[in-house]
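Residue-level structure breakdown
What follows is each chain in one-letter form.
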Amino acid sequence: MHMNSAPHLLTEDRPEYERILDDALRHAHERPDLAAVGEQLNPVQLRTMAMAATALITATAATEYEHYVKAREELRATAAGTDQDAARGTGAADPDQLGAGIGAVVTVLAPVLAGTAAVIFLLVGYILKMLSPPPSFAGTMVGAGWFFAALTAAAILIAAIGLLITALRNGSTSLAADDPGEELPEDVARAREAWRHALLERGILPFLRDALADPGAAPAARTPYPSANRIPKIGYSRPDFSSPDDGPAAAPRPTFTSPDFSSPDFGGPEHEMD
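Okay, so let's go over this structure.

Reading the values: the criteria
- Residues numbered from 1 in each chain as written.
- Predicted model: local features only at pLDDT ≥ 70, side-chain atom pairs only at ≥ 80, totals over all residues.
- Heavy atoms only, no water.
- Core = buried A, V, L, I, M, F, W, Y, C linked by side-chain atoms within 4.5 Å.
- Buried < 20%, exposed > 50% of the residue type's maximum accessible area, 1.4 Å probe, protein only.
- Helix = DSSP H or I, 4+ residues; strand = E, 2+ residues; numbered from the N terminus.
- Contact = heavy atoms within 4.5 Å.
- Phe/Tyr/Trp six-rings, centres within 6.5 Å; stacked < 30°, edge-to-face > 60°.
- Salt bridge = Lys/Arg side-chain N within 4 Å of Asp/Glu carboxyl O.
- Expected span 1.5 Å × (residues − 1).

Grouped together as the largest cluster of nonpolar side chains are 33 residues, with contacts concentrated most on Tyr17, Leu46, Ile57, Leu199, Ile204 and Leu208. If you list the elements that add at least two residues to this core, you get α1 (14–26), α2 (43–52), α4 (62–89) and α7 (186–213). When sequence neighbours within four positions are dropped, the list of residues in contact with Leu46 reads Leu25, Val37, Leu41, Leu208, Ala211 and Leu212.

Written out as structure tokens, the structure is:
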């Protein structure tokens, strides 16, 4: 990522920018310089203006943001390398993972197989009992059918309990992962905190103060940051298609007469000249 001229706020950091902005607007009345919030511009208007000027505001903390992004990328690269080394160094499957996989297969297949066996034994047993006289093993098949039916109910109950425990475990893990501040290394956490502080003190708060001081100005005009270079307007004037002056009166144009195509006077021999 190149940040030589103006930083580009990554998509994953945009929610953090919005949280800092919302927190500043929420506690605006605690700051004397922002006590005018709500008189001419309400928090919703200020937030809309600040979101429109995101690039200008984040440019004030470009150095801190670049340092934070580099530290985070180094952390991710290190973690990815560690995972790849662990995958290459592990030749056999983890026994715990293998056991969990077998348990999941058994939990899914046990109710299906037991239920199928219960239906078959009960159906065949009751059909045999309808014969006259019924075979001696008809009662045994009916009893086996009811046994598999009870086994099916127990397997379904065990599977439901297992799914509930798994859901609770995954929920607690996701809640712990939602707080990134507890898991970040010290250098990355310091870089992020430095970026947050610089973004708030040098970007968001000055923008809000200028907006309250001059509510009628445009957001870009009220942002006096060095990186907020205005783009000059380029105008194009239409070419002058007016006719040039005719100058002095033109001389009369010459006229042309048609040539005389009358036939020459050809006389006969009697008209020969003497």
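With the rule as written, the count across this model stands at four aromatic pairs. Consider the rings of Tyr65 and Trp195, whose centres lie 5.0 Å apart with planes at 45°: the pair is tilted. Linking Tyr65 in helix α4 with Trp195 in helix α7, this pair joins segments that are 130 residues apart in sequence. By the burial criterion, Tyr65 is buried, and Trp195 matches it. Relative to Trp195, the ring of Tyr68 has its centre 5.8 Å away and its plane inclined at 15°; by these criteria the two rings are stacked. Separated by 127 residues along the polypeptide, Tyr68 in helix α4 and Trp195 in helix α7 bring together distant segments of the chain. Residue Trp195 is classed as buried on the basis of its relative accessible area of 1%. A network of ring pairs unites the aromatic residues Tyr65, Tyr68 and Trp195 as a single cluster.

Moving on: unusual backbone geometry. The omega torsion across Ser132 and Pro133 is -5°, close enough to zero to call that bond cis. Within the secondary structure, Pro133 sits in the loop between α5 (95–129) and α6 (138–177).

A complete count under the given rule lists 15 salt bridges for this structure. In this structure, Arg72 and Glu12 form a salt bridge, with 3.6 Å as the shortest nitrogen-oxygen distance. Of this pair, Arg72 sits in helix α4 while Glu12 sits in the segment before α1; the two residues are 60 residues apart in sequence, bridging distant segments of the chain. Note that Arg47 and Glu18 form a salt bridge whose closest N and O atoms lie 3.6 Å from each other. Of this pair, Arg47 sits in helix α2 while Glu18 is found in helix α1, placing the two residues 29 residues apart along the sequence. By relative accessible area, which is 28% here, Arg47 ends up partly exposed. The class of Glu18 is partly exposed, set by a relative accessible area of 25%. Among the charged side chains, a salt-bridge network with shared partners connects Glu12, Asp13, Arg72 and Arg76.

This brings us to α1. The end-to-end C-alpha separation of α1 is 18 Å, in line with the 18 Å expected for 13 residues at 1.5 Å each. Among all positions in α1, only Glu16, Tyr17, Ile20, Leu21, Ala24 and Leu25 are buried. In this structure, the buried side of α1 is in contact with α2, α3 (54–58) and α7.

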